[in-house]
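Given next are the chains, with one letter for each unit.
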Amino acid sequence: MPRPRVRMTGAQRREQLVAVGRAVFAERGYDGTSIEELAVRADVSKPVVYEHFGGKEGLYTAVVDREMQRLLDRFTGALAEGGTPRALLERAALVLLEYVEDDTEGFRVLSRDSPGSGAYSSLLGELARRVEFLLAEQFAARGYVPALAGLYSTALVGMVALVGQWWLEHRSPGKEEVAARLVDLAYSGLAHLDPDPVLRTTGTAPA
């Protein structure tokens, strides 16, 4: 005998579908997920999913938007505390690794395939812009070209993001050690930044 479906308000049903979508998209990716499976996992009919989100892509977008905001809020809180450049780098690296650890499904959704949304790229771009602002201040104070802050911020964010994806599967060493090694690599490089680097194999200065 089938069990009766739980009656929910519209808002409760929407929250339930987002939670189910987060789990299924993390497990199977966007392309591997069907409306049928989403409906079965939520114990609703397919028309209910369409009613709330218009289809699979609408639900996926809702899940991605929520995860992006959740992670951005974490970064914003960490960077708003201020401090030395090294302290900011340490907090930023830990924020991402803690998110990977605490919200694994969310990170999988953001970093997996998507229907042309470029969600993860958009997220990293936003983070790079926030780091760029901080680096530009440091560059100006130390006699470097502030306009190059965007290049370095993109490199730093990209390095942390890729290591986060690697750590998602390995989980060893622990997040504190991974963050410390990341920051050591990044900060050691920044501390000895050459304002006019050349390619040593050719001796050619950048154009």
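Computed from a predicted structure; not experimentally measured.

Colleague: Give a detailed account of the overall build of the protein, specifying residues and quantitative values.
Modeller: Secondary structure summary: the protein contains 9 helices and 0 strands in total. For the protein, whose C-alpha radius of gyration is 21 Å, the value lies well above the compact-globule estimate of 17 Å for 207 residues. Dimensions of the protein along its principal axes, counting C-alpha atoms only, are 75 × 35 × 30 Å. The burial tally for the protein puts 38% of its 207 residues in the buried class. Carbon and sulfur atoms provide 56% of the accessible area of the protein, an area that totals close to 11600 Å². On the protein, the mean spot of the 24 positive side-chain charges and the mean spot of the 28 negative ones are 5 Å from each other.

Colleague: Describe in detail empty space enclosed by the protein, supporting the description with residues and values.
Modeller: Inspection of the entire model under this criterion finds 1 cavity of 30 Å³ or more. Considering only enclosed or pocket space, the largest cavity measures out at about 110 Å³ in volume. Taken together, Pro85, Leu135, Gln138, Phe139, Arg142, Tyr144, Tyr187, Leu190, Ala191 and Leu193 make up the full set of residues lining the largest cavity. Breaking the lining of the largest cavity down by element, the ones donating at least two residues are helix H7 (119–142) and helix H9 (175–191).

Colleague: Give a description of a nonpolar patch on the surface that names residues and reports values.
Modeller: Together, Val145, Leu148 and Leu151 make up an exposed nonpolar region whose accessible area comes to about 260 Å². Relative to the elements of secondary structure, Val145 occurs in the loop between H7 and helix H8 (149–170).

Colleague: Give a detailed account of helix H4 (residues 56–80), specifying residues and quantitative values.
Modeller: Taking 1.5 Å of rise per residue, 25 residues should cover 36 Å, and H4 covers 36 Å from first to last C-alpha, within 8% of that figure. Positive phi shows up at Gly82, right after H4, with a value of about 70°.

Colleague: Talk me through the side chain of Lys175; I want residue IDs and the actual numbers.
Modeller: You can see Lys175 is positioned in helix H9. By relative accessible area, Lys175 is classed as buried at 15%. Ignoring anything within four residues of it in the chain, the contact list for Lys175 reads Leu94, Leu97, Glu98, Glu101 and Trp167.

Colleague: Please provide a residue-by-residue account of the packing of H4 against helix H6 (residues 104–111), values included.
Modeller: Helices that pack against each other are described as a pair by the angle of their axes relative to one another and the distance between those axes. Closest axis-to-axis distance for the H4/H6 pair is 10 Å, and the angle between their directions is 115°. As the angle between them shows, H4 and H6 are arranged roughly perpendicular. In the crossing of H4 with H6, the sense of the turn from one axis to the other is left-handed. Each of Tyr60, Val63, Val64, Glu67, Met68 and Leu71 in H4 lies in contact with H6, whose residues at this interface are Gly106, Val109 and Leu110. The residue inventory of the contact of H4 with H6, partitioned by class, reads 7 nonpolar, 1 polar and 1 charged.

Colleague: Which residues make up unusual backbone geometry, and what values go with them?
Modeller: With an omega of 0°, the peptide bond between Ser172 and Pro173 qualifies as cis. Looking at the element boundaries, Pro173 is found in the loop between H8 and H9. Of note, the phi angle at Asp43 is positive, near 60°, even though the residue is not glycine. Relative to the helices and strands, Asp43 resides in the loop between helix H2 (35–42) and helix H3 (46–53).

Colleague: Before we move on, can you summarise the UniProt feature "domain: HTH tetR-type" (unreviewed entry) in the protein with the specific residues and values?
Modeller: UniProt feature "domain: HTH tetR-type" (unreviewed entry): in the numbering of this structure it lies at residues 11–71. As a span, residues 11–71 carries 82% helix and 0% strand, and end to end its C-alpha atoms are 23 Å apart.

Colleague: So what's going on with the layout of surface pockets? Which residues, and what values?
Modeller: Taking a probe equal in size to a water molecule and rolling it over the atoms shows the remaining empty space. Its volume calculated, the largest pocket comes out at about 430 Å³. Every residue lining the largest pocket is counted, 30 residues in all, and those nearest its centre are Leu79, Leu88, Leu89, Ala92 and Val131. Listed by contribution, the elements that provide at least two residues to the lining of the largest pocket are H4, helix H5 (85–102), H7, H8 and H9. Looking at the lining of the largest pocket, its residues break down into 24 nonpolar, 4 polar and 2 charged.

Colleague: Give me the lowdown on the UniProt feature "DNA-binding region" (unreviewed entry) in the protein, citing residues and values where you can.
Modeller: Here the UniProt feature "DNA-binding region" (unreviewed entry) sits at residues 34–53. For residues 34–53, the helix share is 80%, the strand share is 0%, and the end-to-end C-alpha distance is 14 Å.

What counts, and where the lines are drawn
- Residues numbered from 1 in each chain as written.
- Predicted model: local features only at pLDDT ≥ 70, side-chain atom pairs only at ≥ 80, totals over all residues.
- Heavy atoms only, no water.
- Helix = DSSP H or I, 4+ residues; strand = E, 2+ residues; numbered from the N terminus.
- Rg over C-alpha atoms; globule rule 2.2 N^0.38 Å.
- Buried < 20%, exposed > 50% of the residue type's maximum accessible area, 1.4 Å probe, protein only.
- Areas by Shrake-Rupley, 256 points an atom, 1.4 Å probe, with all protein chains shown as cover.
- Lys, Arg positive; Asp, Glu negative; His and termini not counted.
- Charge placed at Lys NZ, Arg CZ, Asp CG, Glu CD.
- 1 Å grid on protein atoms, 1.4 Å probe; cavity = no way out; pocket = protein on both sides within 12 Å on 5 of 7 lines; lining within 4 Å.
- Points joined across faces, edges and corners; volume = space filled by probe spheres on them.
- Patch = residues over 30% accessible without salt bridge, like charges linked within 9 Å, V, L, I, M, F, W, Y side chains within 5 Å.
- Salt bridge = Lys/Arg side-chain N within 4 Å of Asp/Glu carboxyl O.
- Expected span 1.5 Å × (residues − 1).
- Contact = heavy atoms within 4.5 Å.
- Axes fitted to C-alpha atoms, helices over the stretch in contact; angles between N-to-C directions.
- Parallel < 35°, antiparallel > 145°, perpendicular 65-115°, else oblique.
- Left-handed = near helix turned anticlockwise from the far one by under 90°.
- Nonpolar A, V, L, I, M, F, W, Y, C, P; charged D, E, K, R; others polar.
- UniProt positions renumbered as here; feature names shortened; annotations may be inferred.

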